[in-house]
Amino acid sequence: AGLLGNNKEDPGPERSLQQIDRSWLETNMAVNMIGPIMLCQALVPMMKKKDKNEKIPSGIIVNLSARVGSISDNTNLGGWYSYRCSKAALNQATRTMSHELKRRSGIWTVAIHPGTTDTDLSKPFQRNVQASRLFPVEFTVQQLHKVATSMNQEHSGGLFDWAGKAIPF
């Protein structure tokens, strides 16, 4: 999930503190954090533990995050308050869920930054992206699947990029 402000009536990413709009901030939190958490809450009961083997999860929850949701990675640019905050909150929820779900149900959780994918969400920002870093949807889907299915129990609760590289929170 993602919401950056592609519609003309949406304020879009804020470049300064003064540009923050409460309604836009709440909308970002609803779409990028609250929605995924509520979906996880609804799906977890259907992901029953199938095996006592801790190396095999009973399910993997993959939350679509963003590199800009990493507090550690926010070193120079700033801005994008609503989007950054909502993705940072999703990362925290992913980490928190991992502790509970791994222990109780054998379910692993991971947040993945898919990279800049050629979709309507990224269209307004693509002019600043190198051609080799703008990924077709099919490539992104393959990479997300590859990262999710290659993780181990110790990766649960982590944030990773499209290539499987850990991103610090």
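Residues numbered from 1 in each chain as written. Predicted model: local features only at pLDDT ≥ 70, side-chain atom pairs only at ≥ 80, totals over all residues. Heavy atoms only, no water.

Colleague: Quick one: what's the story with the overall build of the chain, residue by residue and with numbers?
Modeller: Helices and strands together make up the secondary structure of the chain, namely 3 helices and 5 strands. Computed over its C-alpha atoms, the radius of gyration of the chain comes to 16 Å, within 12% of the 15 Å expected for a compact globule of 169 residues. If one aligns the C-alpha atoms of the chain with their principal axes, the spans along those axes are about 50 × 35 × 25 Å. In the chain, of all internal contacts separated by at least 6 residues, the share reaching a separation of at least 24 is 64%. Here the chain contributes 20 positive and 14 negative side-chain charges, whose respective centroids are spaced 7 Å apart. (Helix = DSSP H or I, 4+ residues; strand = E, 2+ residues; numbered from the N terminus. Rg over C-alpha atoms; globule rule 2.2 N^0.38 Å. Contact = heavy atoms within 4.5 Å. Lys, Arg positive; Asp, Glu negative; His and termini not counted. Charge placed at Lys NZ, Arg CZ, Asp CG, Glu CD.)

Colleague: Would you mind going over the layout of surface pockets in detail, with residue names and values included?
Modeller: Estimates place the volume of the largest pocket at around 1300 Å³. Val-68, Trp-80, His-113, Gly-115 and Thr-116 are, among the 42 residues lining the largest pocket, the residues nearest its centre. Broken down by secondary-structure element, the contributors of at least two residues to the lining of the largest pocket are α2 (81-105), β3 (116-117) and α3 (137-150). Here the lining of the largest pocket gets 4 residues from one element, more than from any other, and that element is α3. A class-by-class count of the residues in the lining of the largest pocket yields 18 nonpolar, 16 polar and 8 charged. (1 Å grid on protein atoms, 1.4 Å probe; cavity = no way out; pocket = protein on both sides within 12 Å on 5 of 7 lines; lining within 4 Å. Points joined across faces, edges and corners; volume = space filled by probe spheres on them. Nonpolar A, V, L, I, M, F, W, Y, C, P; charged D, E, K, R; others polar.)

Colleague: Help me get a handle on the environment of Thr-119, residues and values and all.
Modeller: With respect to the helices and strands, the residue Thr-119 is situated in the loop between β3 and β4 (134-135). Along the sequence, Thr-119 and Pro-136 sit 17 residues apart, while their C-alpha atoms lie 8.2 Å from each other. Once residues lying within four places of it in the same chain are set aside, the contact partners of Thr-119 are Gln-126 and Val-137.

Colleague: Provide a residue-level description of the confidence of the model for the chain, including the pertinent values.
Modeller: In the predicted model, the chain carries a mean pLDDT of 89, and the fraction of residues at 70 or more is 92%. Within the chain, the element-level pLDDT minimum falls on β3, averaging 84, and the maximum on strand β5 (residues 158-161), averaging 97. (pLDDT = per-residue confidence, 0-100.)

Colleague: Tell me what's going on with α3, and back it up with residues and numbers.
Modeller: Its 14 residues place the ends of α3 20 Å apart at the C-alpha level, agreeing with the 20 Å of an ideal helix rising 1.5 Å per residue. Taken together, the buried positions of α3 are occupied by Thr-140, Gln-143, Leu-144, Val-147 and Ala-148. Projection of α3 onto a plane perpendicular to its axis shows the buried side chains occupying an angular sector of 125°, all on one side. Residues of α3 that are exposed and point over 90 degrees away from its buried face: Glu-138, Val-141, Gln-142, His-145, Lys-146 and Thr-149. (Expected span 1.5 Å × (residues − 1). Buried < 20%, exposed > 50% of the residue type's maximum accessible area, 1.4 Å probe, protein only. Arc of directions from axis to C-beta.)

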